[in-house]
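Here is what each chain is made of, one letter per residue.
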Amino acid sequence: MTSATVDFEVHPRLDSASVRALVHPERTLWTPIELRLLTSVTAGALAAPLSEVARFVPERRWWARLALTWGVELWLLSWLPGQGTRPHDHGGAAGSFTVLTGTLSETYRYPGKQIRHAQRATGATIGFGAGHAHEVRNRGVVPALSVHAYSPPLVPTRNYSSLHHIPDRIPPLPARPRSFAELRAQAEDES
Ligand SMILES: [Fe+2]
């Protein structure tokens, strides 16, 4: 989708003036606090259409891109019981996630800090800065849905065999700003 001054796109089932305003297409870099607001408001205000968009796939975790701007990516993820991620960081991007339904278990760590565990229940929102790494899994007995946002968008994550192996230095962000067309092509590859 193209506005008069900036490129961005919103999932067709969610597209409205209020959602377009919510993703602030003109904003190039989001803080963790702004990302928290984005995922919590999206989960709260759009619960009904998000539940219609959601799919649960036994073979692998499922996700759908809800919005993409030059400054932020917004995704809906589903988690059947037992599904989860490997330990990973977000490549220097900031992020946030809000649990829409179910409960997610998060094991997380900042460089040089202790590894911590937390249960993220329905309605919980967790914002984080660049050095955060985590492993997220549905260890419950009911499916879970969550809304995730990252800024800058589509920065490659790095996987680890263990959260003990997080490096002391935060990985640098991409040095070259990418065009929206490049971002969109990458997002299509990850969809
Ligand atoms: Fe993550």
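You'll find the structure just up there.
All values reported here derive from a predicted model rather than from experimental measurement. (Residues numbered from 1 in each chain as written. Predicted model: local features only at pLDDT ≥ 70, side-chain atom pairs only at ≥ 80, totals over all residues. Heavy atoms only, no water.)

Colleague: Before we move on, could you go through the sheet that holds strand β11 (residues 158-159) and cite the residues and values that matter?
Modeller: Reading across the sheet, the five strands line up as β7-β6-β9-β4-β11 and stay open at both edges, with antiparallel pairing between neighbours. With partners counted over all chains shown, the strands left at the sheet margins are β7 (116-120) and β11, one partner each. Note that strand β4 (residues 88-89) and β11 share two bridges and pair antiparallel. Across the sheet, Asp 89 pairs through a bridge with Arg 158, a residue of β11. (Pairing = 2+ DSSP bridges. Helix = DSSP H or I, 4+ residues; strand = E, 2+ residues; numbered from the N terminus.)

Colleague: Outline the coordination of the iron ion, listing residues and values.
Modeller: Within the protein, the iron ion binds to His 88 (NE2), His 90 (NE2) and His 134 (NE2); these donor distances fall in the range 2.1 to 2.2 Å. Of note, the donors binding the iron ion are all from one chain and are spaced H-x1-H-x43-H. His 90 carries the same exposure label as His 88, and that label is buried. (Donors = N, O, S within 2.8 Å, 3.2 Å for Na, K, Ca; no water. Buried < 20%, exposed > 50% of the residue type's maximum accessible area, 1.4 Å probe, protein only.)

Colleague: Quick rundown of the pattern of salt bridges? Include the residues and the values.
Modeller: As enumerated under the stated definition, the model contains nine salt bridges in all. A salt bridge links Arg 65 to Glu 9, with the nearest nitrogen and oxygen atoms 2.4 Å apart. With Arg 65 in strand β2 (residues 62-69) and Glu 9 in strand β1 (residues 8-10), the pair connects residues that are 56 residues apart, well separated along the chain. Residue class for Arg 65 comes out buried when judged on its relative accessible area of 12%. Across the salt bridge formed by Glu 106 and Arg 120, the nearest N and O atoms sit 2.8 Å from each other. Of this pair, Glu 106 sits in strand β6 (residues 104-109) while Arg 120 is found in strand β7, placing the two residues 14 residues apart along the sequence. Owing to a relative accessible area of 14%, Arg 120 belongs among the buried residues under this scheme. (Salt bridge = Lys/Arg side-chain N within 4 Å of Asp/Glu carboxyl O.)

Colleague: Mind laying out the environment of Glu 106, listing which residues take part and the relevant values?
Modeller: Residue class for Glu 106 comes out buried when judged on its relative accessible area of 2%. Put simply, Glu 106 and Ala 54 are 52 residues apart on the chain and 21 Å apart in space, counted from C-alpha to C-alpha. Those residues in contact with Glu 106 that sit more than four places away from it in its chain are Phe 97, Arg 116, His 117, Ala 118, Arg 120, Ile 126, His 132, His 134, Glu 135 and Val 136. Among the polar contacts listed, one links the side chain of Glu 106 to the side chain of Arg 120, at a separation of 2.8 Å. Here His 134 takes part through its side chain, which lies 2.7 Å from a polar atom of the side chain of Glu 106. (Contact = heavy atoms within 4.5 Å. Polar contact = N/O pair within 3.5 Å; in protein donor to acceptor, adjacent residues only side chain to side chain.)

Colleague: Please set out the pairing of strand β3 (residues 73-79) residue by residue, giving values where relevant.
Modeller: The buried count for β3 comes to seven of seven residues, which makes it a mostly enclosed element. Here β3 shows two buried faces, one formed by Glu 73, Trp 75, Leu 77 and Trp 79 and the other by Leu 74, Leu 76 and Ser 78. Both β2 and β3 contribute to a ladder of six bridges, which runs antiparallel. Note that in β3 the partner of Arg 65 across the bridge is Trp 75. Between β2 and β3, which pair antiparallel in sequence order, lie three residues. In this structure, β3 lies alongside strand β10 (residues 144-151), joined through seven bridges in antiparallel fashion. For Ser 78, the partnering residue across the bridge sits in β10 and is Leu 145.

Function cannot be inferred from these measures alone, as they are strictly geometric.
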